[in-house]
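The residues making up each chain are set out below.
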Amino acid sequence: MAKVRKGIEVSIAMSEAVAQANVDVIAAYPITPQTHIVEHLSEIVAEGHLDAEYVPVESEHSAMSVCCGSAAVGARTFTSTSSQGLALMSEIFTIAAAMRLPVVMALANRSLSSPLSIWNDHSDVMSVRDAGWIHVFVESGQESYDHVFTSFRIAEDPAVMLPVAINLDGFILTHMIEPIEYEDDETIRKYLPDVKMKNALHPDSPVSMGCFGMPEIYTEAQMHRQVGVVNSYGTIVKAWQEWGDLTGRYYRPVETYRTDDADYCIVTMGSYGETAMEVVDSLRGEGEKVGVIKLRLWRPFPFEDFRREALGKKTLIVVDRAISFGGPGGPVASELRSALYGVPGAPKIVNYVAGLAGRDVARVDFRNIILEGKAKAEKGDTDGFTLYGVRG
Amino acid sequence: MDKFSVFSARLVDKTENFTSGHRACQGCAEALAVRHVMKALGRDTIVAMATGCMEIISSPLPLTSWKVPWIHNAFENPSAVISGVESGMKAMMRKGKLPYKKINYVAMGGDGATADIGMGQLSGALERGHDFLYVCYDNEAYMNTGIQRSSSTPYGASTTTSPAGKVSIGQHTQKKNMAQIAVAHNVPYVATACSSYPFDLMDKVKRGADTPGAAYINCLSVCPTGWRIPTEDAIKYGRLAVDCCIYPLYEVIGGQYKLSYKPYKKVPVTEYIKGQGRFRHLTDSDIAFIQGQVDREWEKILKLCGEGK
């Protein structure tokens, strides 16, 4: 079957990907705040285009609890949330990872209250950074669609068995109409066959899940999680490679744009990468040796890939989308500083926090951040962070 | 219920699905209730359990007392977890990913998990009408963590967070009536039970599990540690609770109330209260006040069950 290219809202495309993935259970609380992802999925199920149980729960806490139950019996399980909803489900969010339940979530990144805001930044996901999920950031509608399949493939791999969050910028991606190339169902079935989960809850082979751990065993249980998340890296890279071989769209943990001869780079995560690339093009025309480093994989953090791209550069200008209040800077910059600490010849890191709660960061702002950041690094002014565009 | 008493013990399955060797306190009538419930359900059952006494005594890694598939996730969410279990199994069986099998889906929790922190999730699962049975083991306080009051603690009981004092009677609110709240969801089966009446309990568990749709059982589970009674008296106090009518046994099937047991002689509530350490501070007039409440509630239940004067 020929590939179909559609101009479609990213949320709708994502829900159609979920249907193509032949998901068994969708549990979601579609509010706080709402996207069209689960709304459209309920229509898909109601019209009989997907044979699944759609569980319209009474809160996000229950959404993740239902997901835990259905993933525990080996059913392919999907949910979506953002912002306050993620905060409410955070207790069970952590437990899902600890119990190795392969749920896939579309996390439409939006700011946390207060003041109440429904717009885009990364403060929600950063609050659950250490929960033990695999976190992937996507940049476009096409990537949002593609990563539904790769994420199920990764999550359900017997060597991984971890939940995966597909982070996509709220509004900037979720509510945007973009051209997206659809794969046919046959390609999807080939790439993502039904998986029979080992140790699923079933009366024919009873297991106890979610047991109580005394101090004698808790530390070992955490080590098991740590090893599990770190080792998932190999499966992630392989799943992306195979997706690329099938579709021609390849993904890597750390991606770059015009970095080969760059002296300094802007580092982004999520949809900002596209604007950054445009600005880099225009600065290149002015003779600036600048490039873009984009982090796709946030957990497990791809230390080696990042160091490979970062070393040899003079300066990294990191654009964060969240603040660690009273801390060393934005979460991404902190991570990168730590990844490069003590590495001989490591680049200087200048940190900006920008675009909180959907405040627009246009090309001119990227241009300011890059040039100002470069000047700061030259002066040796690399401590802390700058909250870009703050008034008063 | 009398008609069961002689021969029904022989009819009960000897298989233990909740095995001995767990770490419950001596005389725990809640562990006894779990044992009876699991006998009634049999092996083709999946259990989702809330955090609490029964969870920690039965599942310390690497041991387990459960012969059936069992999942614990968090304190407040067994109803949502079982909703997911039931939905997942239903979808996979319908799609041919799993062969069809009749399975009992059962959520369990204590009164804190049920009436307090998990109330919204229980309400959601009852309202959505998943095919599951919820069993609340009601020992009338947070016993696992050291006897803190819950909304299911009865009026006048002294707990570590509702202590009796010079200016306090202890718990000064009324016990939340979870069975009535379940009835208000219009689910097809609701019952009250007590582990001092094991055959009645098992009968109700079977009926609840066999009923398509959501079912709720509130099982009074005497806690010698928290009620401050001798361990050998747990069964006695369960019977006294029913005989004095402070805890009536009844079923509500499709909205129709049916009394399970009417005491031959209604025992004064003071006989139930006097021996319990948690009520030790109550005066005669306090007990008379409680007797008045019990009488009124009992009359209401009799009327609902069509047994009124």
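Predicted model, so just to flag it, every value in this text is computed and none were measured.

## A look at the overall build of chain B
And step 1. Helices and strands together make up the secondary structure of chain B, namely twelve helices and ten strands.
And step 2. Relative to its length of 309 residues, chain B is compact, with a C-alpha radius of gyration of 19 Å against a globular reference of 19 Å.
And step 3. Each principal axis of the C-alpha distribution contributes one length, and for chain B these read about 65 × 45 × 40 Å.
And step 4. The buried share of chain B, reckoned over its 309 residues, is 53%.

## Concerning the interface of chain B and chain A
And step 1. Across the boundary between the two partners, chain B contributes 41 residues, which contact 38 residues of chain A.
And step 2. In terms of residue class, the side of chain B that touches chain A is made up of 19 nonpolar, 13 polar and nine charged.
And step 3. Note that strand β9 (residues 208–209) of chain A and strand β2 (residues 70–72) of chain B share two bridges and pair parallel. When the sheet's bridge partners are listed, A:S208 is paired in β2(B) with B:W70.

## Quick look at the domain arrangement of chain A
All names here are of chain A.
And step 1. According to the domain assignment, chain A consists of domain 1 (4–247) and domain 2 (254–387).
And step 2. Each of domain 1 and domain 2 has a C-alpha centre, and the two are 28 Å apart.
And step 3. Domain 1 puts 27 residues into the contact, and the matching count from domain 2 is 20 residues.
And step 4. Of all elements in the fold, only α6 (123–126), β6 (134–137), β7 (164–169) and α9 (215–247) reach the threshold of two or more residues within the side of domain 1 that touches domain 2.

## Digging into the sheet that holds β9(A)
The pairing of strands in a sheet happens through backbone hydrogen bonds and is either parallel or antiparallel.
And step 1. Strands sit in the order β9(A)-β2(B)-β1(B)-β3(B)-β4(B)-β8(B)-β7(B)-β9(B)-β10(B) across an open sheet of nine strands; the sheet is mixed. Because the sheet does not close on itself, it has two edges, and the strands there are β9 of chain A together with β10 (256–259) of chain B.
And step 2. Pairing of strand β1 (residues 45–49) of chain B with strand β3 (residues 104–110) of chain B, which is carried by five bridges, proceeds in the parallel orientation. Along β3(B), the bridge assignment pairs B:T45 with B:N104.

## Considerations on the packing of helix α3 (residues 60–72) of chain A against helix α5 (residues 90–98) of chain A
Residue and element names in this part refer to chain A.
And step 1. Direction vectors running N to C along α3 and α5 enclose 20°, while the axes themselves pass 8 Å from each other. The orientation of α3 relative to α5 falls into the category roughly parallel. Handedness of the α3/α5 crossing: left-handed. Contacts between α3 and α5 involve H61, M64, S65, C67 and C68 from the former and E91, I92, F93, I95 and A96 from the latter.

## Topic: the sheet that holds β6(A)
All names here are of chain A.
And step 1. Taken in spatial order, the seven strands of this open sheet run β3-β2-β4-β5-β7-β6-β13, and their pairing is mixed. On the outer flanks of this sheet lie β3 (53–56) and β13 (297–299), each paired with one strand and no other. Neighbour-to-neighbour, the strand axes of the sheet open up by a mean angle of 20°, direction not taken into account.
And step 2. Inspection of the sheet shows strand β2 (residues 25–28) paired to strand β4 (residues 77–81) by two bridges, in the parallel sense. Across the sheet, residue I26 finds its bridge partner in β4, namely F78.
And step 3. Packing of helix α7 (residues 141–155) onto the sheet brings it into contact with β5 (104–109), β6 and β7, and relative to β7 it is tilted by some 165°.

## Here we look at helix α2 (residues 29–41) of chain B
And step 1. With 13 residues, α2(B) should reach 18 Å at 1.5 Å per residue; the first-to-last C-alpha distance of 18 Å fits that figure.
And step 2. The first or second residue beyond α2(B) is B:G42, which carries a positive phi of 80°.

## A few points about the environment of A:A357
Residues and elements named next belong to chain A.
And step 1. In this fold, A357 is placed in the loop between β15 (348–353) and α13 (363–379).
And step 2. What makes A357 partly exposed here is the crowd of 19 C-beta atoms within 10 Å.
And step 3. Taking the C-alpha atoms as reference points, A357 and G170, 187 residues apart in sequence, are found 9.7 Å from one another.
And step 4. In contact with A357, not counting residues within four places along its chain, are S111, S117, W119 and D121.

Definitions and limits used
- Residues numbered from 1 in each chain as written.
- Chains lettered and ligands numbered in written order.
- Predicted model: local features only at pLDDT ≥ 70, side-chain atom pairs only at ≥ 80, totals over all residues.
- Helix = DSSP H or I, 4+ residues; strand = E, 2+ residues; numbered from the N terminus.
- Rg over C-alpha atoms; globule rule 2.2 N^0.38 Å.
- Buried ≥ 20, exposed ≤ 12 C-beta atoms within 10 Å, placed from the backbone.
- Contact = placed C-beta atoms within 7 Å.
- Nonpolar A, V, L, I, M, F, W, Y, C, P; charged D, E, K, R; others polar.
- Pairing = 2+ DSSP bridges.
- Domains from an automatic or database assignment.
- Axes fitted to C-alpha atoms, helices over the stretch in contact; angles between N-to-C directions.
- Parallel < 35°, antiparallel > 145°, perpendicular 65-115°, else oblique.
- Left-handed = near helix turned anticlockwise from the far one by under 90°.
- Expected span 1.5 Å × (residues − 1).

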